[in-house]
Amino acid sequence: MRTTASLCWALIDASIRGQMQYRLNFLTEVGFGLVFQSIGFVFIWVVLGQFQAIKGWSLNEVTLLYGMRVTSHALWLLLFSRLEAIDEMVQQGEYDRMLLRPMPAMLQLMFGSFRVAVLGDLIGGLLLLTVALAIVEIEWTTAKVVFLIASLIGGAMLDGAFQLGPSSLTFRFLDSWPARLMFDTVFTQFGGFPLTILDRAARSFLTFFVPLAFMAWVPATVLLERTEELPFPAPIAWASPAVG
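Draft legend 1. Here's a closer look at the overall build of the chain. When helices and strands are counted, the chain shows 13 helices and 2 strands. Taking all 244 residues of the chain together, the buried fraction comes to 45%. On the chain, roughly 13,000 Å² of surface is accessible, and the fraction owed to carbon and sulfur atoms is 67%.

Draft legend 2. Seen up close, the packing of helix H8 (residues 142–167) against helix H10 (residues 177–190). Two elements in contact, H8 and H10, have axes whose closest approach is 8 Å; the angle formed by their N-to-C orientations is 165°. Classified by the interaxial angle, the pair formed by H8 and H10 is roughly antiparallel. Relative to H10, the crossing made by H8 is right-handed. Contacts between H8 and H10 involve Leu158, Asp159, Phe162, Gln163, Pro166 and Ser167 from the former and Ala179, Arg180, Phe183, Asp184 and Phe187 from the latter. By residue class, the composition of the contact of H8 with H10 is 6 nonpolar, 2 polar and 3 charged.

Draft legend 3. Representation of the packing of helix H3 (residues 59–80) against H8 within the structure. Viewed as axis vectors pointing N to C, H3 and H8 meet at an angle of 60°, and their least axial separation amounts to 8 Å. By the angle between their axes, H3 is oblique relative to H8. Our pair here, H3 against H8, has a crossing hand that is right-handed. Side by side, H3 and H8 meet where Met68, Thr71, Ser72, His73, Leu75, Trp76 and Phe80 of the first sit next to Leu148, Ser151, Leu152, Gly155, Ala156, Asp159, Gly160, Gln163 and Leu164 of the second. Taken together, the residues that form the contact of H3 with H8 break down as 8 nonpolar, 7 polar and 1 charged.

Draft legend 4. How the structure looks around the confidence of the model for the chain. The share of residues in the chain with pLDDT of 70 or more is 82%, and the mean pLDDT across the chain is 83. Mean pLDDT across the elements of the chain ranges from a minimum in helix H2 (residues 23–51), with 64, to a maximum in helix H12 (residues 217–223), with 94.

Draft legend 5. Quick look at a nonpolar patch on the surface. On the surface, Trp140, Val145, Ile149, Ile153 and Met157 cluster together into a nonpolar patch covering about 460 Å² of accessible area. With respect to the helices and strands, Met157 occurs in helix H8.

Draft legend 6. The pattern of salt bridges, seen in detail. All chains considered together, the criterion is met by 5 salt bridges. The partner of Asp87 in a salt bridge is Arg180, and the shortest N-O contact between them spans 3.2 Å. Here the residue Asp87 occupies a position in helix H4 (residues 86–91), and Arg180 occupies one in helix H10, the gap between them amounting to 93 residues. Here the two residues Asp87 and Arg180 agree in accessibility, since each one is buried. A salt bridge links Arg226 to Glu229; the shortest N-O distance between them is 3.1 Å.

Draft legend 7. Quick peek at the packing of aromatic side chains. If you walk through the whole model with that rule in mind, you get 7 aromatic pairs. Between Phe162 and Phe183 the ring centres are 5.1 Å apart and the planes differ by 55°, which places this aromatic pair in the tilted class. Placement of Phe162 in helix H8 and of Phe183 in helix H10 is noted, with a sequence separation of 21 residues between them. Grouping residues by exposure puts Phe162 and Phe183 together as buried. A ring pair is formed by Phe162 and Phe187, whose centres lie 5.7 Å apart and whose planes are at 40°; its orientation type is tilted. In this pair, Phe162 sits in helix H8 while Phe187 sits in helix H10, placing the two residues 25 residues apart along the sequence. Neither Phe162 nor Phe187 differs from the other in exposure class; each is buried.

Calculation notes
- Residues numbered from 1 in each chain as written.
- Predicted model: local features only at pLDDT ≥ 70, side-chain atom pairs only at ≥ 80, totals over all residues.
- Heavy atoms only, no water.
- Helix = DSSP H or I, 4+ residues; strand = E, 2+ residues; numbered from the N terminus.
- Buried < 20%, exposed > 50% of the residue type's maximum accessible area, 1.4 Å probe, protein only.
- Areas by Shrake-Rupley, 256 points an atom, 1.4 Å probe, with all protein chains shown as cover.
- Axes fitted to C-alpha atoms, helices over the stretch in contact; angles between N-to-C directions.
- Parallel < 35°, antiparallel > 145°, perpendicular 65-115°, else oblique.
- Left-handed = near helix turned anticlockwise from the far one by under 90°.
- Contact = heavy atoms within 4.5 Å.
- Nonpolar A, V, L, I, M, F, W, Y, C, P; charged D, E, K, R; others polar.
- pLDDT = per-residue confidence, 0-100.
- Patch = residues over 30% accessible without salt bridge, like charges linked within 9 Å, V, L, I, M, F, W, Y side chains within 5 Å.
- Salt bridge = Lys/Arg side-chain N within 4 Å of Asp/Glu carboxyl O.
- Phe/Tyr/Trp six-rings, centres within 6.5 Å; stacked < 30°, edge-to-face > 60°.

Here's what the structure looks like:
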């Protein structure tokens, strides 16, 4: 186990060192990730600047929700950013070569290379989350601190599940990008908003069929003590990290 962990770290370290040979490109990649995630929040900021609130959610509260979503998204990308190239890897036989090496193929897929743009996503998410936690009113308890950490991890696993699952289609159809793009678009477009902005049918779909609600909206209602707007009892909301 220790040898495998050391090997995984060596692969990541080699990938990062290789990319840092081109410092400007490295910084550009990180900056691109940061800007990409910031654009979505700027849109929310402009909208709420005009209307002050959206379905009873203030800008501060939406900042918390958005920060949780972006941070969770970045956490799963830290491990699975290479998944974006799965189609090409299978089509060109690179995945077959992984099967010949004395290391689990999944670990090679996870740690074989590292996209530095993910660091921009993580920095942006943590900045938004830090600011939100400083300005939003939350009655903190030990349970809520543990719940926040678990929610970020659970949200990352939920986001990753809807990328890893469709990726398996590559072995059958050689092209899973359309399915992965569809889920990524849904998570990006709706993950940073309270789902009360949607009608009942859409809200139910994104809660019970594609459980996007459990990535940020449901956990945020627990932290803000707004669980009365959920379509299920509060104890279920407290268990939301388990969905991931």
